[in-house]
Amino acid sequence: MTTRAASWQPLSPGERSVAIEVLVHGPLSRTALAQRLDLSAGSLTRLTKPLIETGLLVEVPDGGGPAEVRQGRPSQPLDVVAESRTFLGLKLTEDMVYGVVTTLRSEIIARLDRPLTTHDPAQVADLLAEMTGELTASFPTLTGIGIGVGGLVRDRAVVGESAFLRWSDVPLAQLVEERTGLPVVVENDVAALVEAETWFGAGRGLDRFVVLTIGAGIGYGLVLGGKRVPYAEEDRGFGRHWILNPNGPITPAGQRGSAVSLLTIPSIRYQIRAATGLDLTYEEILARAAAGEPMPSRVIDEAARALGTLVAQIANFVLPQKILLAGEGVGLIDVAGKTVDDTLRAHRHPLAAPLDVETKVSDFHDWARGAAVLAIQVLVLGVVEV
């Protein structure tokens with residue numbers, strides 16, 4: 001069933017700069033906004049007027065303080081109207097679709113999940129359209145759709161490679177747009193998560209920021225100058241070649257001693273299964289390691305030392321202000337955090353500045369939120385290169 005896309009006017013580069021500044025850092029007074037963007041009062045007025053007229057920005061109370069005086073009359077701070085537009089973010093895994101609806105500021109206001117029982121592209125697009133139709137009934141301001149996929153994505157439209165979905169050159173954006181009537185942005189799921197954390201999360205306001213995800217695979221995102229750095233091999237298994245321990249384990253998915261072989265959930269489960277014959281979940285392995293069982297303890301300790309080494313290597317070369325550890329695998333920190341910290345310190349210069357490491361156990365709705373943020377950036381704000 002086709003839905004009707006919410007309408008908006010494309011923003012000029014100047015309007016886009018104003019909108020992004022208020023969206024990410026607001027509410028802001030006109031004086032502060034002009035200073036941040038190096039604009040004259042007249043230029044700022046010219047740029048903000050259409051944004052207010054279209055309902056994207058609004059003057060808001062400033063908490064009871066005196067209003068700013070501008071050209072002889074009081075002026076309130078500017079903020080975005082977060083509820084003026086809503087966005088659907090979808091995260092595809094091998095067997096599930098996780099969906100969230102967010103406001104313009106990426107607050108999640110609804111969730112909807114569905115089993116993914118087929119990988120046929122047309123049927124997957126049918127399922128996404130069905131979920132969109134169900135949510136549009138409750139959120140008529142739905143403006144666009146962001147889809148996060150583990151794999152290589154081209155032009156924010158075509159899934160070039162996806163090992164989980166076993167896809168090659170699938171025009172997913174086109175398939176979903178044809179069924180929903182809404183504009184669609186498709187992106188690598190790690191890239192989308194990095195964007196969300198840079199604008200609205202742990203990396204907000206930082207110049208140098210790293211996201212490292214641990215789960216079914218290894219994800220890495222680098223932010224320099226406040227912008228994500230894209231790279232050609234994005235999510236094509238680079239972690240298989242990031243060797244952390246040349247004498248470490250070898251697993252089906254990674255080279256001996258690689259980040260993938262040592263840290264990913266499938267590899268950790270594989271090591272336990274090969275050594276004990278037990279097919280344990282990741283949570284069960286962590287629990288047994290915490291209880292002191294020898295084999296789970298050995299595997300988790302080796303993973304913790306690998307993580308500490310990896311974080312130290314990143315810190316030594318990138319010099320980030322913060323590293324965010326995210327993903328469904330970072331429960332490792334709860335069991336072996338001391339080993340991670342000790343290894344991290346051992347691999348850094350003794351006079352190195354303390355490293356700000358934040359841990360966030362992300363569920364798949366966080367990844368879906370990241371896809372929604374990509375939709376906000378591209379479809380409303382017109383950000384092409386981020």
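Here's a quick rundown of the structure. All figures in this text were calculated on a predicted structure; none of them were measured in a lab.

So, about the sheet that holds strand 11 (residues 167–170). The strand order across the open sheet built from 3 strands is 9-10-11, with neighbouring strands paired in antiparallel fashion. Here the strands that pair on one side only, and so sit at the sheet edges, are strand 9 (152–154) and strand 11. For this sheet the average axis-to-axis angle between neighbouring strands, irrespective of direction, equals 15 degrees. Relative to strand 10 (residues 158–162), strand 9 runs antiparallel, the two sharing 3 bridges. Bridging across to strand 10, leucine 152 finds its partner in glutamate 161.

With that settled, the discussion passes to the pattern of salt bridges. Tallied over the entire structure, the rule returns 20 salt bridges. The partner of lysine 360 in a salt bridge is glutamate 197, and the shortest N-O contact between them spans 2.6 Å. Pair noted here: lysine 360 is in strand 17 (residues 357–360) and glutamate 197 is in helix 6 (residues 189–200), with a separation of 163 residues, a long-range link. By relative accessible area, lysine 360 is classed as partly exposed at 21%. Overall, glutamate 197 belongs to the buried group, its relative accessible area being 3%. Between aspartate 301 and arginine 305 there is a salt bridge, and its shortest N-O distance comes to 3.0 Å. With a gap of 4 residues between them, aspartate 301 and arginine 305 both fall in helix 10 (residues 294–318), about one helical turn apart. Through salt bridges with shared partners, a single network forms among Arg156, Glu187, Glu195 and Arg228.

With that settled, consider helix 9 (residues 282–290). Here helix 9 has its buried residues at Tyr282, Ile285, Leu286 and Ala289. Within helix 9, the buried residues cover an arc of 100 degrees as seen down the axis, which keeps them to one side. Packing partners of the buried residues in helix 9 comprise helix 8 (265–276), helix 10 and helix 11 (332–346). Positive phi shows up at glycine 292, right after helix 9, with a value of about 90 degrees.

Cut-off values and rules
- Residues numbered from 1 in each chain as written.
- Predicted model: local features only at pLDDT ≥ 70, side-chain atom pairs only at ≥ 80, totals over all residues.
- Heavy atoms only, no water.
- Pairing = 2+ DSSP bridges.
- Helix = DSSP H or I, 4+ residues; strand = E, 2+ residues; numbered from the N terminus.
- Axes fitted to C-alpha atoms, helices over the stretch in contact; angles between N-to-C directions.
- Salt bridge = Lys/Arg side-chain N within 4 Å of Asp/Glu carboxyl O.
- Buried < 20%, exposed > 50% of the residue type's maximum accessible area, 1.4 Å probe, protein only.
- Arc of directions from axis to C-beta.
- Contact = heavy atoms within 4.5 Å.

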